[in-house]
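Residue-level structure breakdown
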Amino acid sequence: MFDFDPSTFGLAHTYQKEDKDEINTLKMPSAPQVIYRTLNGPTQTNGGNKLNNFKHGTTTLGFVFKEGILLAVDSRASMGSFLSSEQVRKVIEINEYLLGTMAGGAADCQYWLAYLANHCRTYELKNGSKLSVAAASKFLQGILIGYKNSGLSMGCMIAGSDLSGQHLYYIDNDGMRLKGDIFSVGSGSTYAYGVLDNHYRYEMSLNEAVELGIRAIYHATHRDTASGGVVRVYHIHQNGWTKVHDGIDVVDLHYQFAQQKGLVGDGDEAKQRLF
Amino acid sequence: MSGIFEYNGGSIVGMKGKNCIAMACDRRFGQQMSTITTNYQKVFKIQDNILLALSGLNTDIHTFYALMEKEINLYNLKENRKMKPTTFANLVASALYERRFGPFFVTPIVAGLENGKPILATYDSIGCKSDLDDFQVGGTGGNYIYGACEAFFKPDMSPEELEEVIGQSLVSGCDRDALSGWGGVVYVLTEQKLTVKILKTKQT
């Protein structure tokens, strides 16, 4: 009659080693086990030069302000210099009150954020209340520390709303977990930080915050070759999250901002053409 | 993203039409993943009836262009006549081979009109000339532009058609290459005139 064993609800099981059996009965593939540890140190990627590491080819940003949290991401996926897609969804909807952003390995981010979603739901059912953002991000950190040095590539932000307000955490594959007010992750993050740090104020209105997020992502997509496509914007507030923009083309944004800046020529005004 | 040819990025394409030729290039000047400017010139007018497009390492693009400019100026002065496009095509090959063991990291395309007949030649970086095709590509986005060219190209197009086709091929190709784009320029050369058109493309 039941396709799970009711005795798993008993106290004995909650104190045992992690939920591999429960997860299998909920028909979710169990987490991959690393069979051996490398004895020679961390797996080298691209000789350690982070800026050329295309696995982090993206721009994602998030910041906390008066009205909650704003997340803005680009949508480009590149394999080396080949653009494999311009329409990737880099904000992962974990549940109605938690969002995760994707940077680094897409498979890693998608899998582990879905695993986190499963864990949050299980917690909710067992305990009758939602998992806090702090706990959810710490759970993910714990997993990533377990896989440290095995080659996972993730630089994600966990943002959500719980009883104590809206919170933003940065989690990466090295096991780092940071709570903060402004984060930008990915190869285009340096460009986004320039714009973000210049105009950020806690007391911004929602419209100003959305405008800032869009502008920061646009500037990163213009300068960084690994970022582009469309801008997607999400807002997290006390009632969960809302998708503010599903995809604004950065090409349109370029010509719009160029107009505002007065750059309406063909780019050759300041220089002498060679013929 | 290793490789000296991928350091700056960029794409070029050349096509033959009916008594006309067209060249197109992107406008990006970048250093690996970072874009520095969006108005870098990669197609040069060597003579009224010869265009030279260069892709590869930007410093060598500029140096090789300057070298060719010098050669043609000296030729004009010494021989008191204009250089024929087929002669210039040969000159490019020799100039590249002169540096056989320390080459210019460029892949040039030469296009010209000789007595109304279109000439198009492309080379590898050490001077192997290939002038048998009706369109040629170069640069990091070259392979993607090939696809679009094969689809849109037909022989003996008019200058207006050629401009449209080469523009579309360049833009579609550059859209799949992270290191090319940020604008495009199309040059169409006929017996009467050279038209230069700047394309509005993705700036990302």
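In this report, the structure presented in the accompanying data block is examined. Within any chain, residue numbers begin from 1 and follow the written order of that chain's sequence. Working convention: letters from A go to chains and numbers from 1 go to ligands, in the order in which they are written. In keeping with the predicted nature of the model, local features appear solely for residues at pLDDT of at least 70, side-chain atom pairs appear and are counted solely at 80 or more, and the whole-chain, interface and lining totals rest on all residues. Each side-chain value is derived from all of the structure's non-hydrogen atoms; neither hydrogens nor water enter the calculation.

Concerning empty space enclosed by the protein
All names here are of chain B. For the record, the criterion: Cavities and pockets were defined on a 1 Å grid built over protein atoms only: a cavity is a set of grid points that admits a 1.4 Å probe from which the probe cannot escape, a pocket is an open set flanked by protein on both sides within 12 Å along at least five of seven lines, and lining residues are those with an atom within 4 Å of any such point. Grid points are joined across faces, edges and corners, and a volume is the space filled by probe spheres set on the points. Put simply, DSSP marks the helices as runs of H or I at least four residues long and the strands as runs of E at least two long, and each gets a number from the N terminus on. Three residue categories are used. Nonpolar comprises Ala, Val, Leu, Ile, Met, Phe, Trp, Tyr, Cys and Pro, charged comprises Asp, Glu, Lys and Arg, and polar comprises the others, including Gly.
For the structure on display, the rule yields 2 cavities of 30 Å³ or more. Put simply, the largest cavity is a space of about 110 Å³. Taken together, 16 residues line the largest cavity, and the ones lying closest to its centre are Cys174, Asp175, Ser180, Gly181 and Trp182. Sort the elements by how many residues they give to the lining of the largest cavity and helix 4 (residues 159–175) lands first, with 4 residues. Each residue belonging to the lining of the largest cavity can be placed in one class, and the counts come to 5 nonpolar, 6 polar and 5 charged.

So, the environment of glutamine 256 of chain A
Residues and elements named next belong to chain A. Stated formally: Note on exposure labels: buried denotes an accessible area under 20% of the residue type's maximum, exposed denotes more than 50%, and partly exposed covers the range between, all computed with a 1.4 Å probe on protein chains only.
Note on placement: glutamine 256 falls in helix 7 (residues 250–261). Looking at glutamine 256, the relative accessible area reads 43%, which means it is partly exposed. When the C-alpha positions of glutamine 256 and glycine 160 are compared, they lie 32 Å apart, and in sequence the two are 96 residues distant.

Description of helix 7 of chain A
Helical geometry: 3.6 residues make up each α-helical turn, so side chains three or four residues apart lie on a common side. All names here are of chain A. Short version of the rule: Given a helix with a known number of residues, its expected span is that number minus one, times 1.5 Å. Working note: the arc is built from the helix axis to C-beta atom directions. We call two residues contacting when some pair of their heavy atoms lies within 4.5 Å. Contacts described as polar in this section are N or O atom pairs within 3.5 Å, which, within protein, must combine one atom able to donate a hydrogen with one able to accept it, while residues neighboring in sequence count only if both atoms come from side chains.
With 12 residues, helix 7 should cover 16 Å at 1.5 Å per step; its first-to-last C-alpha distance of 16 Å lies within 8% of that length. Looking only at helix 7, the buried set comprises Val250, Val251, Leu253, His254, Phe257 and Ala258. All buried residues of helix 7 project into a common sector of 155 degrees when viewed along the axis, lining one side. Of the residues in helix 7, the exposed ones pointing more than 90 degrees away from the buried face are Asp252, Gln259 and Gln260. For helix 7, the secondary structure elements touched by its buried residues are helix 6 (206–223), strand 11 (230–237) and strand 12 (240–249). For helix 7, the N-terminal capping position is held by aspartate 249, with its side-chain oxygen 3.1 Å away from the main-chain nitrogen of valine 251.

Points about the sheet that holds strand 2 (residues 20–26) of chain B
Strands pair in a sheet through their backbones, by hydrogen bonds, and they do so in one of two ways: parallel or antiparallel. Residue and element names in this part refer to chain B. Threshold: Pairing between two strands is assigned when DSSP locates at least 2 bridges connecting them. Geometry is summarised by axes, namely lines fitted to C-alpha atoms with helices restricted to the contacting stretch, and by angles between N-to-C directions that run from 0 to 180 degrees.
Taking strand neighbours across the sheet as the criterion, the 5 strands line up as 10-1-2-11-12 in an open arrangement whose pairing is antiparallel. Every other strand in the sheet has two partners, leaving strand 10 (135–139) and strand 12 (194–199) as the edge strands with one partner each. Neighbouring strand axes in the sheet, compared pairwise and without regard to direction, differ in orientation by 10 degrees on average. Pairing analysis gives 7 bridges linking strand 2 to strand 11 (residues 184–190), with the strands arranged antiparallel. Opposite cysteine 20, over in strand 11, you have threonine 190 as the bridge partner. Set on the sheet, helix 3 (residues 142–152) makes contact with strand 1 (11–16) and strand 10; between it and strand 10 the angle comes to about 160 degrees. Lying over the sheet, helix 4 contacts strand 1, strand 2, strand 11 and strand 12, oriented at roughly 25 degrees with respect to strand 2.

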